[in-house]
Number of protein chains: 2
Amino acid sequence: MYRELLLLGVLRHKQMHGYELHEFINRDLAFCTDIKKPTAYHLLQKMAEQGWITEIPETNAPTNRPPRTVYQLTPVGEAKFLDYLRQNLATYSPSYFNGDVGIAFIEALPPEEAVELLGYRKVALQKALDAVNHPHVEAHGKGGMWLIIEHQKRHLQAEIAWLDDVIAHISNQSHSQ
Amino acid sequence: MYRELLLLGVLRHKQMHGYELHEFINRDLAFCTDIKKPTAYHLLQKMAEQGWITEIPETNAPTNRPPRTVYQLTPVGEAKFLDYLRQNLATYSPSYFNGDVGIAFIEALPPEEAVELLGYRKVALQKALDAVNHPHVEAHGKGGMWLIIEHQKRHLQAEIAWLDDVIAHISNQSHSQ
DNA sequence: AATTGAATAGTCAGGATTGACTAATTCAAA
DNA sequence: TTTGAATTAGTCAATCCTGACTATTCAATT
């Protein structure tokens, strides 16, 4: 349901055709979702059927390519957007961390190996944090976007701190055994 | 792919039939995933086809109910488990927060309303944190499970701290305008 | 003894998702 | 100016996922 909100929110800002929309989301809203192209098209079509957006065949006949369809928010869509937005802001929907599954079974591996593997995970995490701290990303956000970048930063910092503790814990176990 | 790891890891501990497995995951591993029953059955069947687990029709003919199928790890499955486990531990796979989508469009609402709505979100978050801190949950985890509970705790604390900042930020904006 | 409600055990149709594909256009280098 | 790679634009078949359903057993009430 947050995908519909996302699509409506972007279309609210500016009418777009499907490809453009998907590009925009994958570039500027990559922290929010990794929605795939066919999924985006599918949702757009469904929302058009509901009357939340209209499908406008692009007028300026461009040579001979199949005419692109431009999507535009309707008043009904605007209302839906506000409804979804309020719902989203007012509720907490938990996230799942698939990295936790490995941690759950960490005792299946010798502590030394576990610590080594988690070391690689930490490098990846640190790289993700560096990417968020990179000025290029920083520059990109005013308004709501800035808050999301800050969120991502905090989240990754907490992840790294926890992972350090996990590594220390396992190391400790391995030594005191 | 983390679902297969999860199922294999549980079956490694003890052979089970589908229903039991799903119950176990939804009770004791609820922080890791919210896998649905039909999905669990589907994955079990697929893994049986791959030869990672065997389907054993339950022997002790229980009255006249359709015989339950018990799933049991094979040596191939054990190898796959270790393979997936190593991969899981060594990599970082980012999580998406669908609560962020609302934040991205927060400027569409008057600051006062946004702050009020985020207040509800905070209550929900705080309740989730209280649930994790509840002794019942605490008691449940030794080994890997304890680490996951700690993870959840840290994550929720970071979420609340960030949300407080967001609320302060929006409030501030609304006042200084 | 019959009825109700919950727990156990699993299935299935239908919708959601996506990897892989087509096909035109642009751009750069050989 | 021809080749080849990258970008733009979208589609489709195959797979994945799950809400809703069936059906049995068990326990407690009436």
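Residues numbered from 1 in each chain as written. Chains lettered and ligands numbered in written order. Predicted model: local features only at pLDDT ≥ 70, side-chain atom pairs only at ≥ 80, totals over all residues.

What to know about the interface of chain B and chain A
Note the threshold: Two residues qualify as being in contact provided that their C-beta atoms, derived from the backbone, are within 7 Å of each other. A helix here means a DSSP run of H or I that spans at least four residues, while a strand means a run of E at least two residues long, and both kinds are numbered starting from the N terminus.
On the chain A side, the residues contacting the 54 residues of chain B number 53 residues. Among the elements of the structure, α1 (2–13), α4 (75–90), α5 (99–104), α6 (111–133) and α8 (144–176) of chain B are those that each provide at least two residues to the side of chain B that touches chain A. Top contributing element to the side of chain B that touches chain A by residue count: α8(B), with 12 residues.

Quick notes on the relation of the copies chain B and chain A
Basically, it comes down to this: Residues below a pLDDT of 70 in either copy are left out; the C-alpha atoms of the rest, at least 70 in both, set the least-squares superposition of the copies.
Least-squares fitting of chain B to chain A yields an RMSD of 0.1 Å, with the transformation described by 0.0 Å of translation along the axis and a rotation of 180 degrees. The superposition operator between the copies reduces to a two-fold rotation axis.

Section: the confidence of the model for chain A
Detailed reading of the predicted model is not advised wherever pLDDT is low. Applicable threshold: The predictor attaches a confidence to each residue, and that confidence, scored 0 to 100, is pLDDT.
Across chain A, the average pLDDT comes to 91, with 92% of residues at or above 70. Model confidence for chain A, summarised as mean pLDDT per element, is weakest for helix α7 (residues 135–140) of chain A at 67 and strongest for helix α4 (residues 75–90) of chain A at 97.

Some details on the packing of helix α6 (residues 111–133) of chain A against α4(B)
The test is simple: Throughout, an axis means a line fitted to C-alpha atoms (over the contacting stretch in the case of helices), and angles, computed between N-to-C directions, take values from 0 to 180 degrees. In this scheme, roughly parallel covers angles under 35 degrees and roughly antiparallel covers those over 145, while 65 to 115 is roughly perpendicular and the rest are oblique. Basically, the charged four are Asp, Glu, Lys and Arg, the nonpolar ten are Ala, Val, Leu, Ile, Met, Phe, Trp, Tyr, Cys and Pro, and anything else, Gly included, counts as polar.
With their axes 6 Å apart at the nearest point, α6(A) and α4(B) run at an angle of 50 degrees to one another. The angle between the axes of α6(A) and α4(B) places the two elements in the oblique class. Between α6(A) and α4(B), the residues in contact are Ala114(A), Leu117(A), Leu118(A), Tyr120(A) and Arg121(A) and Arg86(B), Leu89(B) and Ala90(B), respectively. Of the residues that constitute the contact of α6(A) with α4(B), the class distribution is 6 nonpolar, no polar and 2 charged.

Focus: the sheet that holds strand β2 (residues 53–57) of chain B
Within a sheet, neighbouring strands are paired by backbone hydrogen bonds and run either parallel or antiparallel to one another. Residue and element names in this part refer to chain B. Threshold: Two strands pair if DSSP finds at least two bridges between them.
Across the sheet, 3 strands lie side by side as β1-β3-β2; this open sheet has antiparallel pairing. Since the sheet does not close on itself, it has two edges, and those belong to β1 (16–17) and β2, each with one partner. By the bridge criterion, 2 bridges tie β1 to strand β3 (residues 69–73) in an arrangement that is antiparallel. The residue bridging His 17 from the neighbouring strand is Val 70, located in β3. Along the sheet, helix α3 (residues 37–50) contacts β2 and β3; its crossing angle with β2, the most-contacted strand, is approximately 110 degrees.

Side note on the environment of Asn98(B)
Residue position: Asn98(B) is located in the loop between α4 and α5. Among all residues touching Asn98(B), those that are not within four sequence positions of it are Tyr2(A) and Ser93(A).

Structural notes on the packing of α1(B) against α4(B)
For any two helices packed against each other, the geometry is given by the interaxial angle and the distance between the axes. All names here are of chain B. The following threshold applies: It is the rotation of the near helix from the far one that decides the hand of a crossing: anticlockwise by less than a right angle makes it left-handed, clockwise makes it right-handed.
For the pair α1 and α4, interaxial distance at closest approach is 9 Å and the crossing angle is 130 degrees. What the angle tells us is that α1 and α4 run oblique. Seen from above, α1 lies across α4 with left-handed handedness. Mapping the contact onto sequence places Tyr 2, Glu 4, Leu 5, Leu 8, Gly 9 and Arg 12 in α1 and Gly 77, Glu 78, Lys 80, Phe 81, Tyr 84, Leu 85 and Asn 88 in α4. Taken together, the residues that form the contact of α1 with α4 break down as 6 nonpolar, 3 polar and 4 charged.

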